[in-house]
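Read off the chains here:
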There are 2 protein chains.
Amino acid sequence: MLKRHAAVLSAAGLVLCCANIAIAEDAPSLTERQAQTVDRLIDAGLEDDVAWEVLESVTTEVGPRLAGSEAEARARDWGAAKLKQLGFKNVRIETYEMPYWERVKEEAEIVSPFPQPLIVTALGNSIATPEGGLTGEVVRFRTLPELQAAPETGLEGKIVFVDEPMARTQNGSGYGTAVQKRSQAAVEAGKRGAVAALIRSAGTDSHRNPHTGGATRGGAPTAVPTAALSNPDADQLARAVNRAEGPVTVRLDLQVKTAESVTSGNVIGEIPGKTDELIVVGGHLDSWDLGTGAIDDGAGIAITTAAAKLVGDLRGKPTRTIRVVMWGAEEVGVYGGAAYAEAHKDEIDKHIIAAESDFGAGPVWRFDTGVAEAALPKAEVIEKALRRLAIIPGDNHAHGGADIGAIRGLGVPVAGLVQDGTDYFDLHHTPDDTLDKVDPAALRQNVAAWAAFIYLASEMDGDFGRLPVAQEE
Amino acid sequence: MLKRHAAVLSAAGLVLCCANIAIAEDAPSLTERQAQTVDRLIDAGLEDDVAWEVLESVTTEVGPRLAGSEAEARARDWGAAKLKQLGFKNVRIETYEMPYWERVKEEAEIVSPFPQPLIVTALGNSIATPEGGLTGEVVRFRTLPELQAAPETGLEGKIVFVDEPMARTQNGSGYGTAVQKRSQAAVEAGKRGAVAALIRSAGTDSHRNPHTGGATRGGAPTAVPTAALSNPDADQLARAVNRAEGPVTVRLDLQVKTAESVTSGNVIGEIPGKTDELIVVGGHLDSWDLGTGAIDDGAGIAITTAAAKLVGDLRGKPTRTIRVVMWGAEEVGVYGGAAYAEAHKDEIDKHIIAAESDFGAGPVWRFDTGVAEAALPKAEVIEKALRRLAIIPGDNHAHGGADIGAIRGLGVPVAGLVQDGTDYFDLHHTPDDTLDKVDPAALRQNVAAWAAFIYLASEMDGDFGRLPVAQEE
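Just so we're clear, the structure is a prediction, and the values are computed from it rather than from any experiment.

Colleague: Give me the lowdown on the overall build of chain A, citing residues and values where you can.
Modeller: When helices and strands are counted, chain A shows 14 helices and 14 strands. Here chain A has a C-alpha radius of gyration of 24 Å; the compact-globule value for 473 residues is 23 Å, and the two agree. Counting only C-alpha atoms and orienting by the principal axes, one finds that chain A spans roughly 75 × 50 × 40 Å. Carbon and sulfur atoms make up 52% of the accessible area of chain A, which totals about 17,500 Å². Here chain A contributes 45 positive and 68 negative side-chain charges, whose respective centroids are spaced 2 Å apart.

Colleague: Explain the environment of Asp235(A) residue by residue, including any values.
Modeller: Mapping Asp235(A) onto the fold places it in helix α8 (residues 231-243). Distance in space between the C-alpha atoms of Asp235(A) and Val325(A) is 41 Å, their sequence separation being 90 residues.

Colleague: Please provide a residue-by-residue account of unusual backbone geometry, values included.
Modeller: A cis amide bond, omega 10°, links Asp296(A) with the succeeding residue Asp297(A). Following the sequence through the fold, Asp297(A) ends up in helix α9 (residues 294-312). With omega at 5°, the peptide bond leading from Ser112(B) into Pro113(B) counts as cis. Its place among the elements puts Pro113(B) in the loop between β1 (89-112) and β2 (116-118).

Colleague: Run through the relation of the copies chain B and chain A, naming residues and quoting values.
Modeller: Rotating chain B by 180° and moving it 0.0 Å along the rotation axis overlays it on chain A with an RMSD of 0.0 Å. Taken together, these values place the two copies in the relation of a two-fold axis.

Colleague: Describe the UniProt feature "domain: Peptidase M28" (unreviewed entry) in chain A, and please don't skip the residues or the numbers.
Modeller: If you check UniProt for "domain: Peptidase M28" (unreviewed entry), the listed places come out as residues 266-453 of chain A in our numbering. A distance of 23 Å separates the end C-alpha atoms of residues 266-453 of chain A, which is 32% helix and 22% strand.

Colleague: Any details on the packing of helix α4 (residues 50-62) of chain A against helix α5 (residues 70-85) of chain A? Residues and values, ideally.
Modeller: All names here are of chain A. Two elements in contact, α4 and α5, have axes separated by 10 Å at closest approach and are oriented at 150°. Judged on the interaxial angle alone, α5 and α4 are roughly antiparallel. Here the hand of the crossing between α4 and α5 comes out right-handed. Facing Glu53, Val54, Ser57, Val58, Glu61 and Val62 of α4, the residues of α5 in contact are Ala71, Arg74, Ala75, Trp78 and Lys82.

Colleague: Kindly report on the domain arrangement of chain A, identifying the contributing residues and their values.
Modeller: Residue and element names in this part refer to chain A. Under the domain assignment, chain A is made up of domain 1 (2-99 + 261-459) and domain 2 (114-247). Taken over C-alpha atoms, the centre of domain 1 sits 34 Å from the centre of domain 2. Between domain 1 and domain 2, the contact holds 23 residues from the first and 23 residues from the second. Together, the buried faces of domain 1 and domain 2 total about 1,700 Å²; carbon and sulfur atoms form 55% of this surface. At the boundary of domain 1 with domain 2, the tally comes to 1 salt bridge.

Colleague: Requested: an account of the pattern of salt bridges, with residues and values cited.
Modeller: All names here are of chain A. Considering all chains together, one arrives at 76 salt bridges over all chains under this definition. Note that Glu70 and Arg74 form a salt bridge whose closest N and O atoms lie 2.6 Å from each other. Taken as a pair, Glu70 and Arg74 lie in helix α5 at a separation of 4 residues, close to a single helical turn. Taking the relative accessible area as the measure of exposure, Glu70 reaches 53% and is therefore exposed. Relative accessible area serves as the criterion here: at 22%, Arg74 is assigned to the partly exposed category.

Colleague: Describe in detail the interface of chain B and chain A, supporting the description with residues and values.
Modeller: Contacts between chain B and chain A engage 34 residues on the former and 34 residues on the latter. For chain B, the biggest contributors to the area lost against chain A are Thr60(B), Arg208(B) and Arg243(B); these three give 25% of the whole. At the boundary of chain B with chain A, the tally comes to 6 salt bridges. Residues Arg243(B) and Glu53(A) are paired through a salt bridge, measuring 2.8 Å at the closest nitrogen-oxygen approach. Between chain B and chain A we count 25 residue pairs in polar contact (both at pLDDT 80 or more) in total. Of all the elements in the fold, those that place two or more residues in the side of chain B that touches chain A are α4 (50-62), β2 and α8 (231-243) of chain B. Ranked by residues supplied to the side of chain B that touches chain A, first place goes to α4(B) with 7 residues. Residue composition of the side of chain B that touches chain A, by class: 11 nonpolar, 12 polar and 11 charged.

Colleague: Requested: an account of the packing of α9(A) against helix α14 (residues 440-459) of chain A, with residues and values cited.
Modeller: Residue and element names in this part refer to chain A. Across the interface, α9 lies against α14 with an axial gap of 8 Å and an inter-helix angle of 50°. Comparing the axis directions of α9 and α14 gives the class oblique. Here the hand of the crossing between α9 and α14 comes out right-handed. Residues Ala299, Ile303, Thr304, Ala306, Ala307, Ala308, Leu310 and Val311 of α9 pack against Leu443, Asn446, Val447, Trp450, Ala451, Ile454 and Tyr455 of α14.

Colleague: Give a description of the environment of His351(A) that names residues and reports values.
Modeller: Residue and element names in this part refer to chain A. By secondary structure assignment, the location of His351 is in strand β11 (residues 351-356). Judged by its relative accessible area of 0%, His351 is buried. A sequence separation of 112 residues divides His351 from Asp463, and the C-alpha atoms of the two residues are 9.6 Å apart. Not counting residues within four places of it along the chain, the set of residues in contact with His351 comprises Leu278, Val280, Arg323, Tyr340, His344, Ile407, Val412, Pro413 and Arg466. A polar contact is formed between the side chain of His351 and the side chain of Tyr340, at a distance of 2.7 Å.

Colleague: Any details on a positive patch on the surface? Residues and values, ideally.
Modeller: On the surface, Arg33(A), Arg40(A), Lys274(A) and Arg315(A) cluster together to form a positively charged patch. Assignment of secondary structure puts Arg315(A) in the loop between α9 and β10 (321-327).

Colleague: Outline the packing of aromatic side chains, listing residues and values.
Modeller: Residues and elements named next belong to chain A. In the structure shown here, the tally under the stated rule is 15 aromatic pairs over all chains. When the centroid spacing of 5.1 Å and the interplanar angle of 75° are considered together, the rings of Trp327 and Tyr340 count as edge-to-face. In this pair, Trp327 is assigned in strand β10 and Tyr340 in helix α10 (residues 335-343), connecting sequence segments 13 residues apart. No difference in accessibility class separates Trp327 from Tyr340, as the two residues are buried. Put simply, the rings of Tyr175, Phe359, Tyr424 and Phe425 touch in pairs and so form one group of aromatic residues. Lys378 extends its terminal NZ or CZ atom over the ring of Phe464, reaching a point 4.1 Å from the ring centre.

Colleague: Pulling in residues and values, what's your account of the side chain of Thr129(B)?
Modeller: All names here are of chain B. Among the structural elements, Thr129 can be located in the loop between β3 (120-122) and β4 (134-141). Of the polar contacts made by the side chain of Thr129, one reaches the side chain of Gln255; its length is 3.4 Å. In this structure, Thr129 is in contact with Leu134, Pro225, Leu252, Asp253, Leu254 and Gln255, ignoring residues within four places of it in sequence.

Colleague: An account of the side chain of Thr292(A) is needed here, citing residue identities and associated values.
Modeller: Tracing the sequence through the fold places Thr292(A) in the loop between β9 (278-284) and α9. Residue classification places Thr292(A) among the buried positions, given a relative accessible area of 5%. When near neighbours in sequence (up to four residues on either side) are disregarded, Thr292(A) contacts Thr59(A), Gly63(A), Pro64(A), Arg65(A), Ser287(A), Asp433(A), Thr434(A), Leu435(A), Gln116(B) and Gln236(B).

Colleague: Tell me what's going on with the environment of Thr222(B), and back it up with residues and numbers.
Modeller: All names here are of chain B. By the element assignment, Thr222 lies in the loop between β6 (196-200) and β7 (226-229). Under the relative-accessibility criterion, Thr222 is labelled buried at 8%. Once the C-alpha coordinates of Thr222 and Trp101 are considered, the two residues, 121 residues apart in sequence, prove to be 12 Å apart. From its side chain, Thr222 meets the backbone oxygen of Val224 in a polar contact 2.8 Å long.

About the cut-offs
- Residues numbered from 1 in each chain as written.
- Chains lettered and ligands numbered in written order.
- Predicted model: local features only at pLDDT ≥ 70, side-chain atom pairs only at ≥ 80, totals over all residues.
- Heavy atoms only, no water.
- Helix = DSSP H or I, 4+ residues; strand = E, 2+ residues; numbered from the N terminus.
- Rg over C-alpha atoms; globule rule 2.2 N^0.38 Å.
- Areas by Shrake-Rupley, 256 points an atom, 1.4 Å probe, with all protein chains shown as cover.
- Lys, Arg positive; Asp, Glu negative; His and termini not counted.
- Charge placed at Lys NZ, Arg CZ, Asp CG, Glu CD.
- Least-squares fit on C-alpha atoms with pLDDT ≥ 70 in both.
- UniProt positions renumbered as here; feature names shortened; annotations may be inferred.
- Axes fitted to C-alpha atoms, helices over the stretch in contact; angles between N-to-C directions.
- Parallel < 35°, antiparallel > 145°, perpendicular 65-115°, else oblique.
- Left-handed = near helix turned anticlockwise from the far one by under 90°.
- Contact = heavy atoms within 4.5 Å.
- Domains from an automatic or database assignment.
- Buried area = accessible area lost by both parts, 1.4 Å probe.
- Salt bridge = Lys/Arg side-chain N within 4 Å of Asp/Glu carboxyl O.
- Buried < 20%, exposed > 50% of the residue type's maximum accessible area, 1.4 Å probe, protein only.
- Polar contact = N/O pair within 3.5 Å; in protein donor to acceptor, adjacent residues only side chain to side chain.
- Nonpolar A, V, L, I, M, F, W, Y, C, P; charged D, E, K, R; others polar.
- Patch = residues over 30% accessible without salt bridge, like charges linked within 9 Å, V, L, I, M, F, W, Y side chains within 5 Å.
- Phe/Tyr/Trp six-rings, centres within 6.5 Å; stacked < 30°, edge-to-face > 60°.
- Lys NZ or Arg CZ within 6 Å of the ring centre and 35° of its normal.

Right, here's the structure in full:
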């Protein structure tokens, strides 16, 4: 693989050095029939009802579907039945094993001086408190770096509270910092002898729905029990600390259930092409347990399934095989993505391009790629076809989606149909991730964009090259 | 009282018949000093920080304060201390007894065919289910009238679900219908042998925070256990009923605690005037237990207290005594308002006018009155003074607020500083009724309006007549 990759890079270098000439002479373009088909697909996408039906179906008939749970197993059965019903072929469930964690109880209250309940949710892989909870004085840190800079003694027996707010942005750029807080607060608290770590939710809303999310990966237990306060509850605890003349004490009671190994799985369906080359698209099937996983990530499943079906409904077989994957267990450690890469490594060269929809249900506003340089003119043709949907050109740094990460690491090129996520972190990982939050018009715009992308990725001559293969860690 | 009232009505009739002349010749007006003072009070109100401090203090240091609870007792102590700290005189707590109800546990889930949790909250005075809950098939009614029109048999053992949505309006006019649903669903369900009644929350938001509220008054137990689903959960249950091929069964587990009699109370403070005539203003001190009672009704307490203090801070005593009342136990049956009327009936003639702020923290946009016809020209002077705050003239049908109802029934005139309640029912009676939902600028506009009103009600010549005394039921 590395050898081939080096060759591709050289080719890309050549193209780059002579870009003007190369593009002028060799720039790919669409046949008239292809251009007309793209237009028809976009028209059909903008009137699509399949995505909404799929999304309503999974959020209603399955509801919350925590990775590794009995509910996720029902979701797999649902997904396989839905793909068959929509006419997909080679529908199957590919299982794998993974560690399991679920919340059983989560309660918090200010004990003194201002007794009142606080709304919290345990973070994924949090260890439990003792039965009945633990009580400690709250020490507030405005940011994670402030906690990281604190002395290594002085917090023994305390409850650390990291109050760092998250920035609202269109592209979700505030999430990286927020995830640091979510994972590191317990680590830093534990180092210093604290008994628990509370964080302000990694979220941008102002409702009393805390945001959950993993505190560790791979089922690793946290250093201390750790939970997120809703934003209004974080405000409240901060005010209590500011207004109290003495210490503020909080009681935290988290109970959890874990298992070393349970079964999860990916659900796969295909529109067979004239060749065994693959276009892989999808979203993740699991959701956090608090909501019904409408924007995270029922929407991704619904959009890519409906778009692939539109391509499949065209007369004749597509050139390449369109493979829809409903990835399992993304939220708790991207187990589905890793299992897919392992199971399909022998056919990895058949993967022409892969992309995941996993940033809600807002409209696509930008088209990014992660392809070999030589393939950029081809990406540009796709990007031009998407302009009708008010989608602008992006860059070639697409990551493709969490579940695509593993096969991207094996050299598979990726695309990013970048969604507007301005309100995504109002909802994600909260009880409020429900169907009513999805705008049907925006969902349809997504279907139109994905249908055009899938069609062109399948039908255009040539491939997208290969990406550098990631070094084994 | 009735005799005097008749005389007032006659006088009002006279004024009405000769309105043009009477108003032209006798129209009250402000002295230059009064007009300047109103301007200064409005200026000061628009820069006020006291209301925010009071509101932050009660919502943070007391938090939720359910009527009759230990938390409401702490709120009374808080209120008395706060009024003293702000310089009010004759501060006291006037207690009364009332029945008690509190939620202990509330859980619901769809059992089949789509197993998943539902978020509910028990309605006030709901009876408990058996321990461990009850399970029944859901029968959905789109509206309360549809349930009321249903046959008296056929619902035995079922769970009634009244799915009626609430309209969003500026003046909260959708709430009357919603309250009917909240109180009558259990009545109608019980008549027909149903085992429980679920309603779509009486609220306009789309978050997973259900709206509580009384299902009965006077501590009367409901016919069957009854609870409200959040709007997204009502959507979900409706979809489940629509999509299921067979019956949808739900398990509901409500546990409650009641007591025949507990102590509650009103907190009273005064700015003594040159006379013992009274201007009574206030808000209610209790809140539902789910939120911290910021908009319902910490804001009312904060606004009226801060406004009265601004008047009290003027040089010299006001002409009339300004009495601030923090009414207890409004939410569960207006016990504080009734107790006040009973305790103060011997001085009821001293009450010149009364008004309560209890519709959130949105800006005042209209000035209503409920005064004798003869006093309308005086009301008009106040209304003109408020125009600077973008407040328009209203009508003479003000109810004055729930806690004012009892003394209004004894003939006391009332005023209504009508707030914009467009978002009020997004928040009220939910966990989301928290301080962050209050706009400091709108809170100040309220303080300015109330300060001007209180000052003019105190200082202008003449009274507001008397209202018809309500017939004893």
